[in-house]
Amino acid sequence: MATDLTAPRTARPDVASIQRRTLRLLFGTQIIGGVGVTIGIAVGALLAARIAGTAVAGIAQSAGVVGAALLAIPVTRIMARHGRRPGLVVAYAVGAVGGVLVVLAAATRWVPLLFLGMLLFGGGTAANLQARYTAVDLAEPARRGRQLSVIIWATTIGAVAAPNFAALADRVTSGWGLPPLAGPFAFSAAAFVLAGGVLLVLLRPDPLLTARRIAATAAPTAAAPTAAAPTTAAPAAAVVAEAPAAGGQVGGGATPAAAPVGARLPRGAGMRAAWSVVRGQPAARLGIAAVAVGHLVMVAVMAMTPVRLGESHADADVLRLVGIVLSLHIAGMYAFSPIVGWLTDRLGRRAVILGGVGLLLAACAVAGTAGHHTPRLSVGLVLLGLGWSGTMVAGSTLLSESVPAGVRPSVQGLSDLTMGLAGAGAAVAAGFVMQVAGYPVLTLLAAVATVPLVALALRPVPTGASDEEG
């Protein structure tokens, strides 16, 4: 008897079972990975400031963002060729190595090693970001946005608690002879190893490879035009037409169109091909811009908030306060993402993107005028997280449903690369702005950075534009 994956009539029940198992597995590893990433974020700027000074703290923090961005290229290349599982495992492994190097840098106070460690530490972030796309490989189109948001929400459990573990990790590892603020990175490395190991053993069958096999089997006539193409060309799933997710309206009722059956995709499906596809898709451009700008604003303000707290509180209280404030911020980022996903389906991608921008502006206003009033600063950071959630969930969903399946992993990698570079630039600039002009000016500049996104989101997208362009 033919296997379920080669029989269209019996594939769907098995796909549903695989998807449920994949979502449960990703949910668990997102918790573990969220702990690892967030502990490092909580103390990274403080550690860099202690070793190299406040101005350099932004550069060190941005190294992790750059690392996550640059790793998107090899990780998505691995995924395109071999599936999601090896890509996620490699990303977590690189993050673990980075955590170990940061510990060594803290012990030796060698700044170049700190930068290298933070760069590689970004592997944990890269894995967590790619997991949201892994969650929708086998999702029904009408549920794509909500299932993506659920995996983003899963990070809440680990990420909200993680900053409060920083002080505990620091106390525990001080008995091992590690210097102050190094212990949290040792815990992060262990978390990344655990998350990567679980995925290596249990993420089978691979959801991306399974989705491609099903797509190729379900539409043999659609795959026929590419039969003469070399084996390195985009997979057969690239030419399968897909319905947009429910509620996927963009602007005035236009829906992101799928690639027509039989459409020929850019050869190789790499970053160059991804950019070629995005350039011809207005909805995809808006999706990438929403993710990148939202991340830029969030990183710029969030990265310097621990330093801001350090200006007005004693060392004995800083880690505790940083833990509380960042926990509230991260709760804003992740805890309400299922509601954001539901709103994205109900109201449309563009409306939620604009709502996210509005929250980011409110966050900059509240945090920038908080002075050294910690409760008011905490409110600003919660709003900052909510705004990020709106742009991330709606932008990622819009991007994923606006491009053909065969080039989708590369386009998703391009989005993460763009987002990471935007955040890295913001973190670098934030350190210098903080030193020269202060935190209020930093929040003002972050607010101004949203203007191009607002202009793009308000620009009408003609119905069927994505079919006609490119």
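All values derive from a computational prediction rather than experimental measurement.

Caption draft 1: Highlighting the overall build of the protein chain. A tally of regular secondary structure across the protein chain gives 18 helices and 0 strands. In the protein chain, buried positions account for 57% of the 470 residues. Across the protein chain, the fraction of contacts at a sequence separation of at least 24, relative to all contacts at a separation of at least 6, is 83%. Total accessible area on the protein chain stands at roughly 17600 Å², and carbon and sulfur atoms take up 68% of it.

Caption draft 2: Examining helix 15 (residues 408-436) more closely. Between its first and last C-alpha, helix 15 extends 42 Å over 29 residues, near the 42 Å set by a 1.5 Å rise per residue. Most of helix 15 sits inside the fold, with 21 of its 29 residues counted as buried. Positive backbone phi, at 100°, marks Gly438, one or two positions downstream of helix 15.

Caption draft 3: Just helix 6 (residues 183-202), in detail. Taking 1.5 Å per residue as the helical rise, helix 6 with its 20 residues ought to reach 28 Å, and the 29 Å between its terminal C-alpha atoms agrees with that figure. For helix 6, the complete set of buried residues consists of Gly183, Pro184, Phe185, Ser188, Ala189, Ala191, Phe192, Ala195, Gly196 and Leu199.

Caption draft 4: Spotlight on the packing of aromatic side chains. Summed over all chains, the structure comprises 5 aromatic pairs. With centroids separated by 5.2 Å and ring planes inclined at 70°, the aromatic side chains of Phe121 and Phe185 adopt a geometry described as edge-to-face. You can see Phe121 sitting in helix 4 (residues 111-134) and its partner Phe185 sitting in helix 6, a full 64 residues away along the chain. Residues Phe121 and Phe185 agree in their burial class; the two are buried. With centroids separated by 5.3 Å and ring planes inclined at 50°, the aromatic side chains of Phe121 and Phe192 adopt a geometry described as tilted. Of this pair, Phe121 sits in helix 4 while Phe192 sits in helix 6, and the two are 71 residues apart along the sequence. The two residues Phe121 and Phe192 agree in class, both being buried. An aromatic cluster is built from Tyr92, Phe121, Phe185 and Phe192, whose rings are joined through pairwise contacts.

Rules of the game
Residues numbered from 1 in each chain as written. Predicted model: local features only at pLDDT ≥ 70, side-chain atom pairs only at ≥ 80, totals over all residues. Heavy atoms only, no water. Helix = DSSP H or I, 4+ residues; strand = E, 2+ residues; numbered from the N terminus. Buried < 20%, exposed > 50% of the residue type's maximum accessible area, 1.4 Å probe, protein only. Contact = heavy atoms within 4.5 Å. Areas by Shrake-Rupley, 256 points an atom, 1.4 Å probe, with all protein chains shown as cover. Expected span 1.5 Å × (residues − 1). Phe/Tyr/Trp six-rings, centres within 6.5 Å; stacked < 30°, edge-to-face > 60°.

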